[in-house]
Amino acid sequence: MKIVDSHLHIWSDNKEAFEKDQIPPDTLLTCSTPEALLTEMEKAQVDGALIVQPINFKFDHTYVTNAIKDYPQKFKGMLLHDPSLSPEMAVERLEELVLAGFVGVRFNPYLWSENKLMSEDNSGGLAVYQRCAELQVPVGIMCFKGLGLHFDDIISLIEKSPNTQLVLDHLGFCALNDAGDDAFNLLLKLSKYPNVSVKVSALFRNNGDKDNFPYEMIKNERFDPLLESFGPDRLMVGSDFPFVLETEGGYSGAIKTVKSWLNDDNAKAVLSGTAERLFGKWG
């Protein structure tokens, strides 16, 4: 059965290439190239991957662009939006990168200026979000510090552009703790919007120090309720390579864990169908 990894990153092994405050740890410096990723994908029987622009390169998309060009059957890209750009420049940059093979946009709310919202009227963020509806390019949102901080902003984005496909990274960052439980209740409320999907990715970021590989608590308390609320057609597997390499089970274990939670009725959608519906076919 076809498998598409909907969330991972790559970078070079050259420290000089990175933003000065965004150099990867030495343990991940040499194992995160496109070729290293392809080796892991082959071992895990993964057919394609969506490369999310890493913060290490900030808004310089050259490295990921070259990987897409070198391996077009295997890789697609999700660009990183620059909130400092004017609406006109932001949309122009979006369109340039879509032509270069990028099929999604990442909103990192922590790159916005303090007290600024992704959904602010007359902003580059909202202009890009609305243009993405016309281009049929999904927008992924990383709520690293908690979904609750961005819930109202996300609702505002949805209401201002209901035809844009919105994807939440890493189970919405709803860890197995009290704060994560509250956030998870908010995440389930988003299931009423048909344009919202969720990446079943970075399980290790959601264990709340309560659960360990192969994450049975995450399955029972996060994945199963998501499957019931969103359905398989709005969930997709992801690894968060290369960070997953430093966790028990590694890359293959992350993919196989989610695969083990599925059955004949929902496996195709979660393993590749949702990702290909949103981002296009691989291979």
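Predicted model only: the values in this text are computed from it and were never measured.

Colleague: What should I look at first to understand the pairing of strand S4 (residues 102-107) in this one?
Modeller: Every regular strand shows the same layout, with side chains that alternate between the two sheet faces. Across the 6 residues of S4, 6 count as buried, placing the element largely inside the fold. Pairing of strand S3 (residues 75-80) with S4 involves 4 bridges; the strand directions are parallel. From the neighbouring strand, Met-78 faces S4, where its bridge partner is Gly-104. In terms of handedness, the path from S3 via helix H4 (residues 87-99) over to S4 forms a crossover that is right-handed. Two strands pair when backbone bridges link them, and S4 and strand S5 (residues 139-141) are joined in this way by 3 bridges, in the parallel orientation. In the sheet register, Val-105 faces S5, and the bridge partner there is Val-139.

Colleague: Please clarify how helix H5 (residues 124-135) should be interpreted in this entry.
Modeller: Side chains three or four residues apart in an α-helix point the same way, a direct result of the helix having 3.6 residues per turn. For H5, which comprises 12 residues, the first-to-last C-alpha distance of 16 Å matches the rise-based estimate of 16 Å (1.5 Å per residue) to within 8%. Restricting attention to buried positions, one finds in H5 the residues Gly-124, Gly-125, Leu-126, Ala-127, Val-128, Tyr-129 and Cys-132. The inward-facing, buried residues of H5 contact H4, S4, S5, helix H6 (151-160) and strand S6 (166-168). Just past H5, the residue Gln-136 takes up positive phi, approximately 60 degrees.

Colleague: Hey, could you run me through unusual backbone geometry in this one?
Modeller: Only a minority of non-glycine residues have a phi that is not negative, and only a minority of peptide bonds are not trans. The omega torsion across Phe-213 and Pro-214 is 10 degrees, close enough to zero to call that bond cis. The omega torsion of the bond from Phe-241 to Pro-242 falls at 0 degrees, within 30 degrees of zero and hence cis. With respect to the helices and strands, the residue Pro-242 is situated in the loop between strand S8 (235-237) and helix H9 (250-260). Even without glycine at this site, Lys-58 takes up a positive phi of about 50 degrees. Positionally, Lys-58 belongs in the loop between strand S2 (48-52) and helix H3 (62-70).

Colleague: Just to check I follow, could you spell out the environment of His-9 for this structure?
Modeller: Position of His-9 relative to the elements: it lies in the loop between strand S1 (4-8) and helix H1 (26-29). Expressed as a C-alpha distance, the spacing of His-9 and Phe-241, which sit 232 residues apart in the sequence, is 5.9 Å. Those residues in contact with His-9 that sit more than four places away from it in its chain are Ile-51, Val-52, Gln-53, Pro-54, Arg-106, Asp-240, Phe-241, Pro-242 and Phe-243. Within polar-contact distance, the side chain of His-9 engages the backbone oxygen of Val-52 at 2.9 Å.

Colleague: It is not clear to me how the environment of Cys-31 should be interpreted in this structure. Could you clarify?
Modeller: Assignment of secondary structure puts Cys-31 in the loop between H1 and helix H2 (34-44). When the C-alpha atoms of Cys-31 and Phe-241 are compared, they prove to be 9.8 Å apart, with 210 residues separating the residues in sequence. The residues contacting Cys-31, other than those within four sequence positions of it, are Ala-36, Phe-241 and Leu-245.

Colleague: Help me understand the side chain of Asp-5 in this model?
Modeller: The topology assignment puts Asp-5 in strand S1. For the buried Asp-5, which has no salt bridge, the nearest side chain bearing the opposite charge is Lys-199, at an N-O separation of 7.7 Å. Polar contacts involving the side chain of Asp-5 include one to the side chain of Ser-239, which spans 2.6 Å. Polar contacts involving the side chain of Asp-5 include one to the side chain of Tyr-251, which spans 2.8 Å. Setting aside its immediate chain neighbours within four residues, Asp-5 contacts Val-46, Gly-48, Ala-49, Leu-50, Val-237, Gly-238, Ser-239, Tyr-251 and Ile-255.

Colleague: Could you clarify how one ought to interpret the nonpolar core in this entry?
Modeller: Counting 74 residues, the largest nonpolar core has Phe-107, Ile-141, Ile-154, Leu-168, Leu-187, Leu-190 and Tyr-251 as the members making the most contacts within it. Residues within four places of Tyr-251 in sequence aside, it is in contact with Asp-5, Leu-8, Leu-37, Glu-40, Met-41, Ala-44, Val-46, Ser-239, Phe-241, Val-244 and Leu-245. In terms of nonpolar packing, the next biggest core, distinct from the first, is built from 11 residues, Met-78, Val-103, Ala-275 and Leu-278 among them.

Colleague: Just to check I follow, could you spell out the packing of aromatic side chains for this structure?
Modeller: The way to describe two aromatic rings as a pair is by their centre distance and the angle between their planes. A full pass over the atoms with the stated rule returns 9 aromatic pairs. Relative to Tyr-129, the ring of Phe-107 has its centre 6.3 Å away and its plane inclined at 50 degrees; by these criteria the two rings are tilted. Of this pair, Phe-107 sits in strand S4 while Tyr-129 sits in helix H5; the two residues are 22 residues apart in sequence, bridging distant segments of the chain. We note that Phe-107, like Tyr-129, is buried. Joined through ring pairs, the aromatic side chains of Phe-107, Trp-112 and Tyr-129 make up one cluster. Looking at Arg-205, its charged tip hangs above the ring of Phe-243, at a distance of 5.1 Å from the centre.

Colleague: Would you mind going over the pattern of salt bridges with me for this structure?
Modeller: Note on pairing: side chains with opposite charge can pair once their charged atoms come close. Across all of its chains, the model carries 13 salt bridges by this definition. The shortest N-O distance in the salt bridge between Glu-95 and Arg-131 comes to 2.8 Å. In this pair, Glu-95 is assigned in helix H4 and Arg-131 in helix H5, connecting sequence segments 36 residues apart. For Glu-95, a relative accessible area of 29% gives the class partly exposed. A network of salt bridges, in which partner residues are shared, links Lys-2, Glu-276 and Lys-281.

Criteria and cut-off values
Residues numbered from 1 in each chain as written. Predicted model: local features only at pLDDT ≥ 70, side-chain atom pairs only at ≥ 80, totals over all residues. Heavy atoms only, no water. Buried < 20%, exposed > 50% of the residue type's maximum accessible area, 1.4 Å probe, protein only. Helix = DSSP H or I, 4+ residues; strand = E, 2+ residues; numbered from the N terminus. Pairing = 2+ DSSP bridges. Right-handed = clockwise from strand over helix to strand, strands pointing away. Expected span 1.5 Å × (residues − 1). Contact = heavy atoms within 4.5 Å. Polar contact = N/O pair within 3.5 Å; in protein donor to acceptor, adjacent residues only side chain to side chain. Lys, Arg positive; Asp, Glu negative; His and termini not counted. Salt bridge = Lys/Arg side-chain N within 4 Å of Asp/Glu carboxyl O. Core = buried A, V, L, I, M, F, W, Y, C linked by side-chain atoms within 4.5 Å. Phe/Tyr/Trp six-rings, centres within 6.5 Å; stacked < 30°, edge-to-face > 60°. Lys NZ or Arg CZ within 6 Å of the ring centre and 35° of its normal.

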